[in-house]
Amino acid sequence: MTDRGCETVNSGTFIDLKAIRKKLDLSQAELATLIGVSERTVQSCEQGWRNPGQAVEKAAILLLVAKWHGAEMEKHRCWESIGCTDEERSNCLVFQSHQGHVCWLLSGNQCRGRDLKTWVDKKEACFDCPFFLELLPDGVPILTPDA
Ligand code: SF4
């Protein structure tokens with residue numbers, strides 16, 4: 001990833017940044033400011049010249065989830081939704097730190113028998129997870145068509 005928050009197109013992305021930004025009702029400049037990248041970075045990602053880097057992907061999804069759930073976020077607990085056993089909870093850093101609403105963002109958890117250590121692991125495991133999908137507003141095409 002470059003320091004501008006983009007990766008080369010070949011690195012792949014699962015998110016539709018433009019769709020997320022529109023759902024957030026933000027201009028490109030506003031989104032760029034909020035997540036700490038240049039407006040040109042957002043433009044490049046939306047035009048498909050580059051893919052969003054993982055920092056941009058995480059920040060965009062977090063803004064989306066936070067806008068929809070705000071102060072209510074903490075009541076969303078992945079371990080309850082997924083039905084993790086006591087043993088699974090005892091091995092999971094997300095459970096121990098009470099961060100079930102952002103399990104999809106954090107590293108160090110074991111979910112459904114898998115160690116999810118990297119953002120690529122997360123995207124593969126989480127983006128079709130019922131718990132993650134329930135955090136998103138209806139009708140946001142978060143997945144890119146070819147993902
Ligand atoms: S698959 Fe991902 S989103 Fe679903 S509960 Fe596990 S860490 Fe959370």
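Use the structure listed above.
Residues numbered from 1 in each chain as written. Predicted model: local features only at pLDDT ≥ 70, side-chain atom pairs only at ≥ 80, totals over all residues.

Chemist: I would appreciate a short explanation of the overall build of the chain in the present structure.
Modeler: When its secondary structure is counted, the chain shows 9 helices and 4 strands. Counting from the amino terminus, the chain carries its helices and strands in the arrangement β-α-α-α-β-α-α-α-α-β-β-α-α. Put simply, the chain has 147 residues, and 30% of those count as buried. Sequence separation of 24 or more characterises 61% of the internal contacts of the chain that already satisfy a separation of 6 or more. (Helix = DSSP H or I, 4+ residues; strand = E, 2+ residues; numbered from the N terminus. Buried ≥ 20, exposed ≤ 12 C-beta atoms within 10 Å, placed from the backbone. Contact = placed C-beta atoms within 7 Å.)

Chemist: Explain the environment of Trp104 to me, please; I cannot follow it from the model alone.
Modeler: For Trp104, the position within the fold is in the loop between α7 (93-96) and β3 (109-111). The class of Trp104 is buried, set by 24 C-beta atoms lying within 10 Å. In the structure, Trp104 is positioned 22 residues away from Cys126 in sequence and 6.1 Å away in space, judged by C-alpha atoms.

Chemist: Which parts of the structure should I look at to understand the site of the ligand?
Modeler: In the vicinity of the ligand, the contacting residues are Cys78, Ile82, Cys103, Trp104, Asn109, Cys111, Leu116, Ala125, Cys126, Cys129, Phe131 and Phe132. For the shell around the ligand, the secondary structure elements donating two or more residues are α5 (78-82), β3, α8 (119-126) and α9 (130-135). When its residues are assigned to classes, the shell around the ligand shows 11 nonpolar, 1 polar and no charged. (Near = placed C-beta within 6 Å. Nonpolar A, V, L, I, M, F, W, Y, C, P; charged D, E, K, R; others polar.)

Chemist: Honestly, the packing of helix α2 (residues 28-35) against helix α3 (residues 39-47) in this entry has me stumped. Any pointers?
Modeler: Each pair of packed helices can be summarised by the angle the axes make with each other and by the distance between the axes. Axis separation between α2 and α3 bottoms out at 8 Å; the angle between their running directions is 115 degrees. The orientation of α2 relative to α3 falls into the category roughly perpendicular. Between α2 and α3 lies a crossing whose hand is right-handed. Taken together, the residues of α3 that come into contact with α2 (itself represented by Gln28, Ala29, Leu31 and Ala32) are Glu39, Thr41, Val42 and Gln43. In terms of residue class, the contact of α2 with α3 is built from 4 nonpolar, 3 polar and 1 charged. (Axes fitted to C-alpha atoms, helices over the stretch in contact; angles between N-to-C directions. Parallel < 35°, antiparallel > 145°, perpendicular 65-115°, else oblique. Left-handed = near helix turned anticlockwise from the far one by under 90°.)

Chemist: Mind showing me how you'd approach α3 here?
Modeler: Because an α-helix completes one turn every 3.6 residues, residues spaced three or four positions apart along the sequence face the same direction. Turning to α3, its buried residues are Thr41, Val42, Ser44 and Cys45. In an axial view of α3, the angular spread of the buried residues amounts to 165 degrees, which keeps them on one side of the axis. Note on α3: the residue one or two positions beyond its end, Gly48, has a positive phi of about 85 degrees. (Arc of directions from axis to C-beta.)

Chemist: Would you mind going over the packing of helix α1 (residues 17-24) against helix α4 (residues 54-69) with me for this structure?
Modeler: Where α1 meets α4, the closest approach of the two axes is 10 Å, and the angle between their N-to-C directions is 30 degrees. By the angle between their axes, α1 is roughly parallel relative to α4. In this structure, α1 crosses over α4, and the sense of that crossing is left-handed. For the pair α1 and α4, the contacting residues are Leu17, Ile20, Lys23 and Leu24 in the first and Ala60, Leu63, Leu64 and Lys67 in the second. In terms of residue class, the contact of α1 with α4 is made up of 6 nonpolar, no polar and 2 charged.

In short, shape yes, function no, at least from these values alone.
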